[in-house]
Amino acid sequence: MRRLDARAIELELSRLGASLGSPLAVAAETASTNDDARSAAAAGAPHGAAFLADAQTQGRGRGGRSWHSPPGENLYLSVVLRPSLPASSVAPIALVMGLAVASVVERRLVSSARLGAPGGDPLAEVRLKWPNDVLVGGRKLAGILVEAQLRGHSVSSVIVGVGLNVHTSRFPPELSARATSLAMLGIDDVPREVLAAELLQALGDAAARFEAGRLSPFAEDLARMDWLRDRRVEVAGVAGVAAGIDAEGHLLVRGGDGVLRAVAAGEVSVTSG
């Protein structure tokens with residue numbers, strides 16, 4: 001198992017001109033990179049401070065669910081953001097962070113196919129499942145966990161955690177039917193350090209655009225990558241057909257009565273389609 005090389009990540013971040021990733025901490029193992037970032041933020045860590053680990057013992061996703069975090073295979077990273085935003089406007093940043101990760105994956109899939117890499121598929125659909133799961137071919141490739149720390153009516157910090165399946169070739173039975181990895185998609189020759197730097201650059205660019213224009217600059221990509229659209233769903237006590245994402249980041253669901261309802265948060269179940 002080759003451990004993550006912090007110096008290689010720093011060099012790639014410099015080459016890309018990334019706004020995030022300094023200071024950078026890379027651990028062989030940690031409980032949770034999000035916990036590391038949150039503790040550092042509380043102690044005054046600056047915007048852009050990033051935390052990576054080769055393995056997590058208590059990695060988690062949304063709703064406290066555990067995240068498959070074997071050593072040396074994938075990317076587990078978290079970053080501290082300190083956006084100038086009112087507390088009432090921060091929630092949709094989760095969608096934006098998901099789009100940023102999806103954009104990195106999409107570029108890699110297209111590049112792989114063009115280069116003739118085994119398994120490369122330019123038609124593999126990269127999609128975002130509201131609010132922030134990245135799917136390829138309907139299987140989960142990456143998850144994003146966003147945790148905001150508020151101070152009154154303003155945002156003190158936002159912790160963005162990303163788990164990206166890179167080299168995993170076999171998942172536990174409970175995940176095998178609904179998870180995938182870059183290696184399983186034919187991308188097995190890109191160093192994790194390069195991917196980490198690309199993710200941090202994309203997250204930083206997306207965060208800056210969101211701070212300046214909220215969801216407006218992302219409307220086209222949100223519509224294009226919306227995996228739930230036209231599927232029958234149940235979420236937060238609302239059942240119907242997913243009808244897109246509104247300007248506030250709410251999931252729109254059209255019920256059997258024809259009424260369009262906006263859902264701010266909740267766990268989505270796809271009931272058919």
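This text goes with the structure placed above it.
Residues numbered from 1 in each chain as written. Predicted model: local features only at pLDDT ≥ 70, side-chain atom pairs only at ≥ 80, totals over all residues. Heavy atoms only, no water.

A.B. asks: Break down the overall build of the protein for me, citing the residues and quoting the values.
C.D. replies: On a plain count of helices and strands, the protein comes out with 5 helices and 12 strands. The C-alpha radius of gyration of the protein comes to 18 Å, within 12% of the 19 Å expected for a compact globule of 273 residues. The principal-axis extent of the C-alpha atoms belonging to the protein is close to 55 × 50 × 30 Å. Classification of the 273 residues of the protein by burial places 50% in the buried group. Taking all contacts inside the protein whose residues are at least 6 apart in sequence as the whole, residues at least 24 apart take part in 65%. Each charge class in the protein was averaged separately, 28 positive and 29 negative side chains, and the resulting centres sit 2 Å apart. (Helix = DSSP H or I, 4+ residues; strand = E, 2+ residues; numbered from the N terminus. Rg over C-alpha atoms; globule rule 2.2 N^0.38 Å. Buried < 20%, exposed > 50% of the residue type's maximum accessible area, 1.4 Å probe, protein only. Contact = heavy atoms within 4.5 Å. Lys, Arg positive; Asp, Glu negative; His and termini not counted. Charge placed at Lys NZ, Arg CZ, Asp CG, Glu CD.)

A.B. asks: Please set out the packing of aromatic side chains residue by residue, giving values where relevant.
C.D. replies: As enumerated under the stated definition, the model contains 0 aromatic pairs in all. The side chain of Arg231 reaches across the aromatic face of Trp227, ending 4.0 Å from its centre. (Phe/Tyr/Trp six-rings, centres within 6.5 Å; stacked < 30°, edge-to-face > 60°. Lys NZ or Arg CZ within 6 Å of the ring centre and 35° of its normal.)

A.B. asks: Provide a residue-level description of the pattern of salt bridges, including the pertinent values.
C.D. replies: Per the stated rule, a full pass over the model turns up 13 salt bridges. With a shortest N-O distance of 2.6 Å, Glu12 and Arg15 are connected by a salt bridge. Taken together, the residues Glu12 and Arg15, both in helix H1 (residues 6-16) and 3 residues apart, mark about one turn of the helix. Judged by relative accessible area, Glu12 falls into the buried class, the value being 13%. According to the relative accessible area criterion, Arg15 is exposed, its value standing at 57%. (Salt bridge = Lys/Arg side-chain N within 4 Å of Asp/Glu carboxyl O.)

A.B. asks: So, the nonpolar core: which residues are in play, and what are the values?
C.D. replies: Here is a general trend for soluble globular proteins: nonpolar side chains tend to be buried in one another's company. In terms of nonpolar packing, the biggest core is built from 69 residues, with Met97 and Leu203 touching the most fellow members. Not counting residues within four places of it along the chain, the set of residues in contact with Leu203 comprises Leu20, Leu77, Val79, Met97, Ala100, Val101, Val160 and Val162. If you look at the next biggest cluster of nonpolar residues, it comprises 8 residues, including Ala40, Ala41, Val80 and Ile159. (Core = buried A, V, L, I, M, F, W, Y, C linked by side-chain atoms within 4.5 Å.)

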